[in-house]
Amino acid sequence: MQSVLMYTTRICPYCQMAKRLLSRKGVAPEEVRIDESPEIREAMMSRTGRRTVPQIFIGETHVGGFDELAALEREGKLDALLAGAAFESRDGRWFEITP
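The rules behind these values
- Residues numbered from 1 in each chain as written.
- Predicted model: local features only at pLDDT ≥ 70, side-chain atom pairs only at ≥ 80, totals over all residues.
- Heavy atoms only, no water.
- Core = buried A, V, L, I, M, F, W, Y, C linked by side-chain atoms within 4.5 Å.
- Buried < 20%, exposed > 50% of the residue type's maximum accessible area, 1.4 Å probe, protein only.
- Helix = DSSP H or I, 4+ residues; strand = E, 2+ residues; numbered from the N terminus.
- Polar contact = N/O pair within 3.5 Å; in protein donor to acceptor, adjacent residues only side chain to side chain.
- Contact = heavy atoms within 4.5 Å.
- Salt bridge = Lys/Arg side-chain N within 4 Å of Asp/Glu carboxyl O.
- Pairing = 2+ DSSP bridges.
- Axes fitted to C-alpha atoms, helices over the stretch in contact; angles between N-to-C directions.

A.B. asks: Looking at this structure, I do not really get the nonpolar core. What am I missing?
C.D. replies: As a rule of thumb, soluble globular proteins bury nonpolar side chains together. Among the nonpolar cores identified, the biggest contains 19 residues, and Val4, Ile56, Ile58, Val63, Leu69 and Leu78 are the most heavily contacted of them. Secondary structure elements with two or more residues in this core: strand S1 (4–8), helix H1 (13–24), strand S3 (55–58), helix H3 (66–74) and helix H4 (78–83).

Written out as structure tokens, the structure reads:
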């Protein structure tokens, strides 16, 4: 199972929805609160190019926010990504990278 890192804030309904979805998969993400430190917020923005939360990483793959996580689930690809398959996003769709 891949590790999951999620940048969050204390009050964020999309963060809560992402945590619930991951919990149903048996995953407890490592949470990094960006509202506690401007430096952590800047690091997240530098790493992701985005300002909003949640920002979710599964392994080294930047999934994006809750909408992208939910899209992976709808497409039936979230379990494979959590299990270690490699994916990339193009035009809002997820494609498995095969060696």
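A.B. asks: Sorry if this is basic, but what is going on with the side chain of Thr61 here?
C.D. replies: As for its position among the elements, Thr61 is in strand S4 (residues 61–64). With relative accessibility at 18%, the residue Thr61 sits in the buried group.

A.B. asks: What exactly am I supposed to notice about the side chain of Thr8 here?
C.D. replies: Position of Thr8 relative to the elements: it lies in strand S1. Taking relative accessible area as the criterion, Thr8 reaches 1% and is therefore assigned buried. A polar atom in the side chain of Thr8 sits 3.5 Å from the side chain of Glu31. In contact with Thr8, not counting residues within four places along its chain, are Cys15, Glu31, Val32, Arg33, Ile34, Asp35 and Val53.

A.B. asks: Teacher, can you tell me more about the pattern of salt bridges here?
C.D. replies: Side-chain pairs of opposite charge can arise whenever the charged atoms involved come near each other. A full pass over the atoms with the stated rule returns seven salt bridges. Glu73 is the salt-bridge partner of Lys25, the closest N and O atoms lying 3.0 Å from each other. Of this pair, Lys25 sits in the loop between H1 and strand S2 (30–33) while Glu73 sits in helix H3, placing them 48 residues apart in sequence. Residue class for Glu73 comes out partly exposed when judged on its relative accessible area of 30%. The closest approach of N and O atoms between Asp35 and Arg33, which form a salt bridge, is 2.9 Å. Overall, Asp35 belongs to the partly exposed group, its relative accessible area being 37%. Residues joined by salt bridges that share partners form a network here, namely Lys25, Glu73 and Asp79.

A.B. asks: Teacher, can you tell me more about the sheet that holds S2 here?
C.D. replies: Pairing is mixed across the open sheet formed by four strands, whose spatial order is S2-S1-S3-S4. The open sheet has two free edges, formed respectively by S2 and S4, since each of these has just one partner strand. Strand-to-strand twist in this sheet, taken as the mean axis angle between neighbours without regard to direction, amounts to 25°. The sheet contact formed by S1 and S3 spans four bridges and is antiparallel.

A.B. asks: Would you mind going over the environment of Phe95 with me for this structure?
C.D. replies: Tracing the chain through its elements places Phe95 in strand S6 (residues 93–96). C-alpha of Phe95 to C-alpha of Lys77: the two residues are 18 residues apart in sequence and 8.8 Å apart in space. Beyond its immediate sequence surroundings of up to four residues, Phe95 is in contact with Ala86, Phe87, Glu88 and Arg90.

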